[in-house]
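Coordinate inspection notes
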Number of protein chains: 4
Amino acid sequence: MALKYVGEITDPIHKNIKFTTVEKEIIDTSIFQRLRRIRQLAGAYLVYPGALHSRFEHSLGSMFLAGMAGQTLFDKGYFTDIDLIQHLRLAALLHDVGHGPFSHLFEEILKDSKNYSHENFGERIILETKISDIIKRNGYSPDTVSSLSFGKHNSGYLNEVISGGLSVDLMDYLPRDSYFSGTEYGKVDYFRIINSLEVASSKVLGINKSALYSYESMLISRYQMFKSVYFHKTVRSGEVMILHSMKHLNRSLHLTDFDSLEDFFALHDEMVLELLCNFPASKSRPMDTFAVKLARDYKSRNLLKCIYEYFSLSNQRFEKERDSKQSRRLPDRAIDFEKQIHLIQSIIGSHQDAGEPVFLDISRAPSIPLAPKKEEVTSIMIINKEAEYEKSFDQLPLINVITGYLDMIRVYTTKEKRNFFKSLLKDFENQNF
Amino acid sequence: MALKYVGEITDPIHKNIKFTTVEKEIIDTSIFQRLRRIRQLAGAYLVYPGALHSRFEHSLGSMFLAGMAGQTLFDKGYFTDIDLIQHLRLAALLHDVGHGPFSHLFEEILKDSKNYSHENFGERIILETKISDIIKRNGYSPDTVSSLSFGKHNSGYLNEVISGGLSVDLMDYLPRDSYFSGTEYGKVDYFRIINSLEVASSKVLGINKSALYSYESMLISRYQMFKSVYFHKTVRSGEVMILHSMKHLNRSLHLTDFDSLEDFFALHDEMVLELLCNFPASKSRPMDTFAVKLARDYKSRNLLKCIYEYFSLSNQRFEKERDSKQSRRLPDRAIDFEKQIHLIQSIIGSHQDAGEPVFLDISRAPSIPLAPKKEEVTSIMIINKEAEYEKSFDQLPLINVITGYLDMIRVYTTKEKRNFFKSLLKDFENQNF
Amino acid sequence: MALKYVGEITDPIHKNIKFTTVEKEIIDTSIFQRLRRIRQLAGAYLVYPGALHSRFEHSLGSMFLAGMAGQTLFDKGYFTDIDLIQHLRLAALLHDVGHGPFSHLFEEILKDSKNYSHENFGERIILETKISDIIKRNGYSPDTVSSLSFGKHNSGYLNEVISGGLSVDLMDYLPRDSYFSGTEYGKVDYFRIINSLEVASSKVLGINKSALYSYESMLISRYQMFKSVYFHKTVRSGEVMILHSMKHLNRSLHLTDFDSLEDFFALHDEMVLELLCNFPASKSRPMDTFAVKLARDYKSRNLLKCIYEYFSLSNQRFEKERDSKQSRRLPDRAIDFEKQIHLIQSIIGSHQDAGEPVFLDISRAPSIPLAPKKEEVTSIMIINKEAEYEKSFDQLPLINVITGYLDMIRVYTTKEKRNFFKSLLKDFENQNF
Amino acid sequence: MALKYVGEITDPIHKNIKFTTVEKEIIDTSIFQRLRRIRQLAGAYLVYPGALHSRFEHSLGSMFLAGMAGQTLFDKGYFTDIDLIQHLRLAALLHDVGHGPFSHLFEEILKDSKNYSHENFGERIILETKISDIIKRNGYSPDTVSSLSFGKHNSGYLNEVISGGLSVDLMDYLPRDSYFSGTEYGKVDYFRIINSLEVASSKVLGINKSALYSYESMLISRYQMFKSVYFHKTVRSGEVMILHSMKHLNRSLHLTDFDSLEDFFALHDEMVLELLCNFPASKSRPMDTFAVKLARDYKSRNLLKCIYEYFSLSNQRFEKERDSKQSRRLPDRAIDFEKQIHLIQSIIGSHQDAGEPVFLDISRAPSIPLAPKKEEVTSIMIINKEAEYEKSFDQLPLINVITGYLDMIRVYTTKEKRNFFKSLLKDFENQNF
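Residues numbered from 1 in each chain as written. Chains lettered and ligands numbered in written order. Predicted model: local features only at pLDDT ≥ 70, side-chain atom pairs only at ≥ 80, totals over all residues. Heavy atoms only, no water.

Taken as a whole and judged by the stated rule, the model has 92 salt bridges over all chains. Residues Lys-227 of chain D and Glu-216 of chain A are paired through a salt bridge, measuring 2.8 Å at the closest nitrogen-oxygen approach. One end of the pair, Lys-227 of chain D, is in helix α12 (residues 212–230); the other, Glu-216 of chain A, is in helix α12 (residues 212–230), on a second chain. For Lys-227 of chain D, a relative accessible area of 5% puts it in the buried group. Using a relative accessible area of 4% as the deciding quantity, one classes Glu-216 of chain A as buried. When salt bridges with common partners are traced through the structure, they connect Glu-8 and Lys-15 of chain A together with Asp-189 and Arg-192 of chain C into a single cluster. (Salt bridge = Lys/Arg side-chain N within 4 Å of Asp/Glu carboxyl O. Helix = DSSP H or I, 4+ residues; strand = E, 2+ residues; numbered from the N terminus. Buried < 20%, exposed > 50% of the residue type's maximum accessible area, 1.4 Å probe, protein only.)

Expressed as a screw operation, the relation of chain A to chain B combines 0.0 Å of axial shift with a rotation of 180°, fitting to an RMSD of 0.0 Å. The transformation just described matches what one would write down for a two-fold rotation axis. A share of 100% of interface residues in chain A that are also interface residues in chain B marks the association as one of identical surfaces. (Least-squares fit on C-alpha atoms with pLDDT ≥ 70 in both. Contact = heavy atoms within 4.5 Å.)

The subject of this paragraph is the sheet that holds strand β4 (residues 205–207) of chain A. Residues and elements named next belong to chain A. Here we have four strands laid out as an open sheet, ordered β3-β4-β7-β8, and mixed in their pairing. What marks the edges here is a single partner per strand, and that holds for β3 (197–199) and β8 (388–392). Averaged over all neighbouring strand pairs, the angle between strand axes comes to 45°, with direction disregarded. Across three bridges, β3 lies against β4 in antiparallel orientation. Note that in β4 the partner of Val-199 across the bridge is Leu-205. The strands that helix α3 (residues 55–75) touches are β3 and β4; relative to β3, the one it contacts most, it runs at about 50°. (Pairing = 2+ DSSP bridges. Axes fitted to C-alpha atoms, helices over the stretch in contact; angles between N-to-C directions.)

Right, let's talk about the packing of helix α10 (residues 168–181) of chain D against α12 of chain D for a bit. Any two packed helices are characterised by the angle at which their axes cross and by the distance between the axes. Residues and elements named next belong to chain D. As a packed pair, α10 and α12 sit with axes 11 Å apart at the nearest point and diverge in direction by 45°. As summarised for this structure, α10 and α12 are arranged oblique, according to the angle between their axes. Judged by the twist between their axes, the crossing of α10 over α12 is left-handed. Two secondary-structure elements touch here, α10 through Leu-170, Met-171, Tyr-173, Leu-174, Asp-177, Ser-178 and Ser-181 and α12 through Met-218, Ser-221, Arg-222, Met-225, Val-229 and Tyr-230. (Parallel < 35°, antiparallel > 145°, perpendicular 65-115°, else oblique. Left-handed = near helix turned anticlockwise from the far one by under 90°.)

Next up on the list: the interface of chain A and chain B. At the interface, 36 residues of chain A touch 36 residues of chain B. Summed over both partners, the interface of chain A with chain B comes to about 2,900 Å²; 56% of that surface belongs to carbon and sulfur atoms. Counting the surface chain A buries against chain B, the share from its top three residues, Arg-36, Arg-37 and Pro-49 of chain A, is 22%. Where chain A touches chain B, the interface holds two salt bridges. The partner of Arg-37 of chain B in a salt bridge is Glu-270 of chain A, and the shortest N-O contact between them spans 2.7 Å. At the boundary of chain A with chain B, the tally comes to 11 residue pairs in polar contact (both at pLDDT 80 or more). Looking at the side of chain A that touches chain B, the elements that each hand over two or more residues are β1 (5–11), α2 (30–33), α3, α10 (168–181), α15 (269–277) and α16 (286–299) of chain A. For the side of chain A that touches chain B, the element with the most residues is α15 of chain A, which contributes four residues. Broken down by class, the residue content of the side of chain A that touches chain B amounts to 15 nonpolar, 11 polar and 10 charged. (Buried area = accessible area lost by both parts, 1.4 Å probe. Polar contact = N/O pair within 3.5 Å; in protein donor to acceptor, adjacent residues only side chain to side chain. Nonpolar A, V, L, I, M, F, W, Y, C, P; charged D, E, K, R; others polar.)

What follows deals with the UniProt feature "domain: HD" (unreviewed entry) in chain A. The feature "domain: HD" (unreviewed entry), as given by UniProt, occupies residues 55–174 of chain A in the numbering adopted here. Note that residues 55–174 of chain A is 71% helix and 0% strand, and that its end C-alpha atoms are spaced 13 Å apart. (UniProt positions renumbered as here; feature names shortened; annotations may be inferred.)

With that settled, consider unusual backbone geometry. Residues and elements named next belong to chain B. Although it is not a glycine, Lys-15 adopts a positive phi angle of roughly 65°. The residue Lys-15 is located in strand β2 (residues 15–20) in this model. Positive phi, normally seen in glycine, also occurs at Lys-203, with a value near 65°. Looking at the secondary structure, you find Lys-203 in the loop between β3 (197–199) and β4 (205–207).

The next subject is the packing of aromatic side chains. Under the definition given, this model contains 62 aromatic pairs over all chains. Between Phe-290 of chain A and Phe-359 of chain A, the ring centres sit 6.4 Å apart and the planes meet at 5°, which makes this aromatic pair stacked. You can see Phe-290 of chain A sitting in helix α16 and its partner Phe-359 of chain A sitting in strand β6 (residues 358–365), a full 69 residues away along the chain. Owing to a relative accessible area of 9%, Phe-359 of chain A belongs among the buried residues under this scheme. Relative to Tyr-298 of chain B, the ring of Phe-102 of chain B lies with its centre 6.3 Å away and its plane at 85°, an arrangement referred to as edge-to-face. Of this pair, Phe-102 of chain B sits in the loop between α4 (83–94) and α5 (104–114) while Tyr-298 of chain B sits in helix α16 (residues 286–299); the two residues are 196 residues apart in sequence, bridging distant segments of the chain. Residue Phe-102 of chain B shares its accessibility class with Tyr-298 of chain B, and that shared class is buried. Members of the aromatic cluster, joined through ring pairs, are Phe-106, Phe-121, Phe-258, Phe-264 and Phe-265 of chain A. The side chain of Lys-417 of chain C reaches across the aromatic face of Phe-420 of chain C, ending 5.6 Å from its centre. (Phe/Tyr/Trp six-rings, centres within 6.5 Å; stacked < 30°, edge-to-face > 60°. Lys NZ or Arg CZ within 6 Å of the ring centre and 35° of its normal.)

Turning next to the side chain of Asp-361 of chain B. Residue and element names in this part refer to chain B. Note on placement: Asp-361 falls in strand β6 (residues 358–365). Here Asp-361 falls in the buried class, since its relative accessible area comes to 5%. Separated by 2.6 Å, the side chains of Asp-361 and Arg-236 make a polar contact. If near-sequence neighbours (up to four positions away) are discounted, Asp-361 is found in contact with Arg-236, Val-240, Met-408, Ile-409, Arg-410 and Tyr-412.

Here is the structure:
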């Protein structure tokens, strides 16, 4: 059945986001309302004070774009089951519903302690809770929603609508994060890109040639957002602090040991922060005391200092090239990233073991978002009326350069220990963007 | 001494907000960082999900505009002590530092229980805490900052820079609230208005004629923001809930009974919300149970319903006119607002006394912001090189109409009681915008 | 048949404007391309240098919005003939195709000399030229297009889509004129208004209540655009000059005496301006010489000076009220506008007859755009699922005030004669916005 | 003396551009007003209909930014003569005053026939006309203005403020061209870049590190604007047509043979276009007839078709690398650009000689704007309080890639000859962006 909207929500990015009955019922659950209290970018507001936006708005925005993408593909005849549009919207609405406090930071702890990701929670929420009932009662399939949400649908190109390099996830978060943080970098002509979506004969999502510049622009935007927001030195400092505090105090607070999903639903950014700040650390346990201090310092923005930075081009094509020739194009970036991590760790490891406040922050983002199945993407399908062809990124000079660019190593410590560790690492190449 | 900037913060409204040493030191205190956790608009995010912005950004933005206004007045020769620019910036930075959780809602409780306003706290913070030391140590005067912040400076026009109808407070919050909520209504050409600021010979702040349209536009924006955001039926519903819950549970939680300012500084929106939601209400105290339920329902956006609405033009000029003539221009708005409140209260009062969930929400906003001394404003000074004159609002037709427009009465109740109270009030004129 | 797009044009207001085959063929004619050389606002660029935009872009934008409006009304079931959407788009695309050089200025001359309006030309172009053939060949009806374009279609509400207070004409030109002139006043949430369009049982176009604020905002925008752009004193000065020059030299240049439409199509702003500037005026005909001088002065922006200004509230309701009571609400605006014109004309008339350079500029704009049949509009239909009702403008306080506000009288003369005429008119009330 | 503003102009890019007396007098001359009739982008409006903006607005905008840059450098102590700020503003205001109709297209003809550039005219206008008098009368130096305008001032870094990779020219035209064309690509944070300007000890203009991302973004914007606007296939088609028509008919119309600058001042885009379209070509001179047809076809947007496209990376560093190694990074771009031109010319040359309508369009833009002395730029100076250092573009991966990217060859012909020439060139590599 065609979508019937029953209301709308004002959104700074997409103006008016309309919703259907099944969407309204899901949005109205406390499970979903919870996303209002989980910030989209855990620590970015420490540098960009406006970046207080939450997963709630992002989920609505993704739903909006998923509807647009679904309608485009339906109109172009790539699928005929009109209900898939509603399923796509629901999948986008719910793709982040499994996120915990501080989003990826909590996920990191969960993975360590439980080998659990936000996708695992997401699946359970879609299939096992009240939300499952709502979906079913309205005539849709929780299984379809869940499979689309997490990259397991049979039609691979539909998975790509939800996550990956042409996904509504990306097309919502870039302009949204940019808008709220106040940077100019995240402008995305998502309207044009989505209107240009096509499906290749190999069942892979692609675009019409007319949107190639817009696609290129979007990837440059993403690269710039990584440099200026997501991987910002000070943003990461705050995240390192909350991660360590949460990881350490989790042993006592048992944040990740819940009996039911209900316990999980109670957790959100500010609530967990209060728990950490108010943990009654006894003097006999200095590590606890320090973890509490980290949380309190985070809260009042008294942040750790970065004393070492290293960025790497891990672009595979480049690496291979480098091996095969004498004169290297980018010799200063050619040092093995793994080796560098190892080196740094060998220096600071003993200090960490001795409980000293020094933290290694390693971030690896594929600059080009992975396909839903987590395979690296190295090309874009161009699909026109006349013909379809594949353009590998090394044919798109700008994109080629930013492929795989964004790996980094940073070392953080307290103000007091700053000079000590700085001198310890002074012989290491200190390289930044 | 001229301002020397030592850093800058990215802001979506003003792009880059630079700060001086004294400002940096104040911003870095936990007293000021606390404002990050007090939303600018307590409940607006329930209708406009993006409106999560805090008093922190607004304070920075006001400081930015205060510097611009100060520089303009200094350049035009209205004052010669260049340090007043820094004092104005500090006054704007700190004018909201006394706000508690949920801003005006907490203030309402404070006023009831302690006869305390956020200005009282603000003064104490500026004069008695670490912030006072920072100001002094950097060579400025806490007394001057405090007097400018709260409308007590000798030069009345400088008070007007901070609050009132031409204030940086207004010129920051309108575009900011509009930006984050995603409405189109709050566009303000503050750049032009501030550049046009002049001081009348009567020492009142005015504008150059060239900015008269921009001023008119700003007041229309304010009117539209009141209608669509600040007084939105559903926004007010959330605020009524949190107000009642906080007011009731305050008796047990003693939120407003603190020994020191430190206790006050611990409070913020989400922290207080968690306190309310987790209050251990015993079954024997149904009012407590209901107050907890209100907080929890607020948190999951399960809001009270509005069953009665009444808006009034309380414009004094109109009222006077009405008295003196037979044929009334706006007869349907002419009923006495006070009488209406009294009538409604006489109906629902007994139900309230019996503990039934019915709430009266009375909001009165002067549509034209009051001058710092809380006197009503009814004119704008136009000051040109050639001459200065005063334009009363009834010479500016649009402004005249929106003067004093925004008084309202609403009655809220639960879903269960909706029909009961609706029928109880069915004979009353139910009028809205 | 459903619309099939064959291409798109980038537009700063609507981003991508798609077009169908019939639209492409019309746009590609030299008749339509001609609109690129007729500015949307004849003289506004003299004050707002960016306002060089043409009727070409406005026509495309109107087409875009007409499609959106048509689709909305079709989706809501108000009509079932899907081809009406294409007809509406063509009507909007062609509603300005009959405009001549300097738009309304040429029209004024045409009306004087031929009693011809741009609508008359428009009809002839749609019905008698190549454009008629294109429409027919593609399976559509020139008659239907023409009747929709010029307010003669049987379904009155469809005429209102093209012109009037809820028309795509208005919704395109307000934001467009604002964008190119660089004023902040013309923001219109046309997306929301168009999505809210409904048809009353009386077959009148209306809106859903949810868009009432947006509608109000649009009317305020229009009022502000009139004050700051369309009726700007200096803008009108340029227009008075070109009007007079064109009117006078038309006797020799015979601009309005063409045998065929082809001759008319040759005319455009800059071409006519060159004709006027280069007219070989003999010294024996000083009036010719002066007309040429006016054109040349216009070209180099050496403009006439305004020495008298008078604005009037001609609001009928107010006028009636005033008559019936002693104490008048706005006494200073109550003087009869006609009487004022008469007075001024009696003073300057003899000087005009003597060939002196003094010009009377009388502009009367209904602040609320007239319905297609040129009847005044005084109310807006609100049409909801539950009920429909009519809201007269005097129930909408802001709109009420701006209704009929914008009548004005101005007197312009040369720098040399400025003082002379100023003193001549010094006893007259000189009143402005 | 400090600048004293006497008025302001509304501009969509910079909002309010204030001007001083000397500026007002220059702007008011017909020499300067003439720039209103010379479009900034000769043919871009054929693809982006909104791109009708003129050199007039761009000149004002450049003046505005030059003042901001001058003030920044003055405040930072790089120069102490405050009058240089006014000279810089005048230089920016007048840097384009020597442009003729269709800007660079007319310049191309002038260079062929007279070896004259717009800079030559600019110098003469600043030094020999009424504008010189105005500058002198107001106490400034035409020589200084002229030398700054055209890269001949002793202080090289001041020349760079007016033209080159950090110039106000670039920082005005990128956002302006983007705004009016409606593309999203030209966003430039010029405010931040200009505020970050510094002068290296080598007297070269540089930036503070904090603006490095903004600088990078600006260069990416420029690259995208070249691809999507300046070098757009269809934009160039129109320009090829007008260039050829003007070049050919110039022999009869003698556009470039003027006795005085006054004759030159009479020329503007639409006026020359009318001359070309109305040239009385006799049938005995088919080349004239064709040149007239080209102008008329241009006017009605009946454009030549592109049948061959070739783009090249002429980056010198890459080229050198390529020579020295076997395995080439970008082999498909490595073919010699000159050789390619030669090849194409050898094929179509005889057809051109025989008067057939086939045109070669070769465009070479340094993707990184040249320094004022037309030397290639390959690095950016980073100047901080602590230290200054030079960052060569190959250390900035994205910038490195776009350096020198934008050389291209295109072949255009008529619809009729399209297939013939297409098959003639079918064996040549046809490569595009």
